[in-house]
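# A look at the structure
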Amino acid sequence: MEPAIWSFSILLILITLAGAFSYIRRRRTTGDYLVASRQVKPWLAALSAVATNNSGFMFIGMIAFSYRVGLESIWMAIGWILGDLTAWLFVHPRVREQSGQIKAKTLANLIGTHDNKEDRTLIVLGGLITFIFLGVYSAGQFKAGSLALHALFGWDMWVGIIIAMVVVIIYSFAGGIRATIWTDAAQSLVMIGSMAMILIMSWLTIGGLPALFDNLRTQDPGLVSLFPDNLEFGILFYFLGMTAGGFGSMGQPQIMVRFMAIESVKAIKRARIWYFAWFVPFFAASVGVGLYSRAILPDLPNMDIAEGVTQPTELALPLMAMEMLPAFFVGISLAGLFAATMSTADSQVIVCSGSVTQDIQPRWKNSYIASKVATISIATLALLIALYAPEGVFGLVLIAWSALAASLGSVLLLRIFGLPFSTGTAVAMMLTGFGTVLAWHTSPLNDDIFKLLPGLAAAFMVYLITRLPQLLGWRR
């Protein structure tokens, strides 16, 4: 595997240098550190957003999900894409326009500012929610990156997690969000190339779809069933849940900051074309690789795994790369995985540092040094969660994604569409939203409806209840 180690090391260094090169463009201001002075080109914003959205989640989690459930994972792919497209059409342009008008650097600041007046309660609560759940999200990326190192070098998971933290701090200190965006653009090309190579080699090994389905049917007829079994609420609500999951991008601070940083509102439309031209084939390829990995590595769930690997199936992509590709391309594939997850974690850590300096402790809002200290603090928190959380990559990502969208996203929608609400209503919506997500995750219904749908429904039910007197004319 020596060629793999060399190609892994060289590509990782080149990708890291792409981000470090942004040092020459940086300005020593918090506005540049957090939103790149709002000068990001649409193609860069698009490739960065899609890489951030789909790194550890797609490379590790979605492939493992397709491995476990089979063909029915296509519902998640279709629903997620439709929901994401809806957010692009109706939410992202408004976020760019309104954040630019008030010069907001964080999602919490956008939510808590109205008529040039800041609602400190909302901003602080939004900052705390960002800090907590993006810390969880970053931990998922640390675990995903560590899986690549474990597969290639055989290192214990904790070693890879610590290395991931160090790489993230290097990325962040190099050039803030601009360094992340630049490395994302380079990684997106490696990501799609790696997935395509594995998919092609799998097709040459197993054959086309008929041969693949015959293989899966032999293992378990349920793997080629299009519809999940025993859904408590039926396929419609299952699909609506997945669509809500895709729409949940509107509540992800690490993604929305790309649209706050893009050069103009008009650039959103051009960015959308770049985004979906990459996103749709990559999502389809991840489902395909998941199905082929089940055909080629049917005994993966029963393998002996290292301490710290929560879900054996989350090793599907690294093991498939080592099984199907020449050693040189194994290194390239795993370097792309590692770098992509680290850049995603980097952007999440930077957004969290912004939540500390801009939202929770605004007296540090113009302190470049305080932003760096906050970056180290949140990276340390993510490290601890990654080391000790019982959830795998998929679980950590989906919990954080849903909690952020149900809390921040629900109130953001009210703000950008100009709907009236009080501080108390917004606080109740946030707390109810993420509380419902966490409760649903632990309930027996978690596999029947994706947890974000009940989270959003509960948050908006709070809004309707608080608005009912005005709607009925009982109170003026």
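Preceding this paragraph is the structure being described.
### Regarding the pattern of salt bridges
A complete count under the given rule lists 3 salt bridges for this structure. Across the pair arginine 120 and glutamate 118 runs a salt bridge, and its minimum N-O distance is 4.0 Å. Judged by relative accessible area, arginine 120 falls into the partly exposed class, the value being 30%.

### Focus: the nonpolar core
One recurring pattern in soluble globular proteins is that nonpolar side chains are buried together. With 151 residues, the main nonpolar core has Phe59, Trp80, Val91, Phe142, Phe279, Phe283 and Phe338 as its most contacted residues. Residue contacts for phenylalanine 279: discarding those within four places in its chain leaves Val50, Asn54, Met58, Trp80, Ile81 and Asp84.

### Section: the packing of aromatic side chains
Applying the stated rule across the entire model yields 14 aromatic pairs. Between tyrosine 275 and phenylalanine 279 the ring centres are 5.4 Å apart and the planes differ by 50 degrees, which places this aromatic pair in the tilted class. Here phenylalanine 279 and tyrosine 275 lie together in helix H13 (residues 267-296), a separation of 4 residues that amounts to about one turn. Chaining the aromatic ring pairs together yields one cluster made of Trp88, Phe259, Tyr275, Phe276, Phe279 and Phe283.

### As for helix H3 (residues 42-53)
The terminal C-alpha atoms of H3 lie 16 Å apart, and with 12 residues this matches the ideal 16 Å at 1.5 Å per residue to within 8%. Looking only at H3, the buried set comprises Pro42, Leu44, Ala45, Ala46, Leu47, Ser48, Ala49, Val50, Ala51, Thr52 and Asn53.

### Topic: the packing of H3 against helix H12 (residues 253-261)
Two elements in contact, H3 and H12, have axes whose closest approach is 9 Å; the angle formed by their N-to-C orientations is 180 degrees. The angle between H3 and H12 falls in the class roughly antiparallel. Between H3 and H12, the contacting residues are Ala45, Ser48, Ala49, Thr52 and Asn53 on the first element and Gln254, Ile255, Arg258 and Phe259 on the second.

### Re unusual backbone geometry
With phi around 60 degrees, lysine 103 is a residue other than glycine that occupies positive phi space. Mapped onto the secondary structure, lysine 103 falls in the loop between helix H6 (92-102) and helix H7 (107-111). Taking relative accessible area as the criterion, lysine 103 reaches 61% and is therefore assigned exposed.

### Structural notes on a nonpolar patch on the surface
Side chains of Trp158, Ile162, Val166, Ile170, Leu384, Leu387 and Tyr388 sit close together on the surface and give an oily, nonpolar patch of about 700 Å² of accessible area. Of all elements in the fold, only helix H9 (157-206) and helix H16 (368-388) reach the threshold of two or more residues within the nonpolar patch. A total of 4 residues in the nonpolar patch trace back to one element, the largest contributor, which is H9. If you trace the backbone, isoleucine 162 turns up in helix H9.

### Some remarks on the packing of H3 against H13
Close contact between H3 and H13 brings their axes to 8 Å; oriented N to C, the two are set at 45 degrees. It follows that H3 is oblique to H13 by the angle criterion. At the point where H3 passes H13, the crossing takes the right-handed sense. Where H3 abuts H13, its residues Pro42, Trp43, Ala46, Leu47, Ala49, Val50 and Asn53 lie against Ala267, Arg270, Ala271, Trp274, Tyr275, Trp278 and Phe279. Partitioning the contact of H3 with H13 into residue classes produces 12 nonpolar, 1 polar and 1 charged.

### Observations regarding the side chain of arginine 96
Considering the arrangement of structural elements, one finds arginine 96 in helix H6. The side chain of arginine 96 is buried and forms no salt bridge, while glutamate 263, the nearest opposite charge, is found at 8.5 Å. There is a polar contact of 2.7 Å between the side chain of arginine 96 and the backbone oxygen of isoleucine 262.

Cut-offs used in this document
- As a convention, each chain's residues are numbered from 1 in the sequence order in which they are written.
- Only residues with pLDDT of 70 or above have their local features reported here, since the model is predicted, and side-chain atom pairs are shown and tallied only from 80 upward, although totals for entire chains, interfaces and linings are computed over all residues.
- Here the side-chain values reflect all heavy atoms present in the structure, with hydrogen atoms and water set aside.
- One speaks of a salt bridge when a side-chain nitrogen belonging to Lys or Arg is within 4 Å of a carboxyl oxygen belonging to Asp or Glu.
- Each residue gets one of three labels from its accessible area relative to the maximum for its type: buried under 20%, exposed over 50%, partly exposed in between, using a 1.4 Å probe on protein chains only.
- Residue types Ala, Val, Leu, Ile, Met, Phe, Trp, Tyr and Cys, when buried and joined through side-chain atoms within 4.5 Å, form a set referred to as a nonpolar core.
- Whether two residues are in contact is decided by their heavy atoms, any of which lying within 4.5 Å being enough.
- Stacked, tilted and edge-to-face pairs are distinguished by plane angle, under 30 degrees for stacked and over 60 for edge-to-face with tilted covering the rest, among Phe, Tyr and Trp rings (Trp via its six-membered ring) whose centres lie within 6.5 Å.
- Per the convention used, a helix needs a DSSP run of H or I reaching at least four residues, while a strand needs a run of E reaching at least two, with both numbered from the N terminus.
- Helices are assigned an expected span. That span is 1.5 Å times one less than the residue count.
- Every angle, taken between N-to-C directions, lies between 0 and 180 degrees, and every axis is a line fitted to C-alpha atoms, over only the stretch in contact when it is a helix.
- These descriptions rest on fixed angle ranges, namely under 35 degrees for roughly parallel, over 145 for roughly antiparallel, 65 to 115 for roughly perpendicular, and the rest for oblique.
- Patch definition: residues above 30% relative accessible area lacking any salt bridge, with like charges linked at up to 9 Å and the nonpolar side chains Val, Leu, Ile, Met, Phe, Trp and Tyr linked at up to 5 Å.
- Only the protein chains shown count as cover for residues, with accessible areas throughout obtained via the Shrake-Rupley method and a probe of 1.4 Å.
- The handedness criterion is simple: a crossing whose near helix is rotated anticlockwise from the far helix by less than a right angle is left-handed, and one whose near helix is rotated clockwise is right-handed.
- Each residue is assigned to one of three groups, with Ala, Val, Leu, Ile, Met, Phe, Trp, Tyr, Cys and Pro labelled nonpolar, Asp, Glu, Lys and Arg labelled charged, and all others, Gly among them, labelled polar.
- Charge convention: Lys and Arg are scored as positive, Asp and Glu as negative, and His as well as the terminal groups of each chain are ignored.
- Polar contact is defined as a pair of N or O atoms within 3.5 Å, subject to the rule that within protein one atom must be able to donate a hydrogen and the other to accept it, and that residues adjacent in sequence are counted only when both atoms are side-chain atoms.

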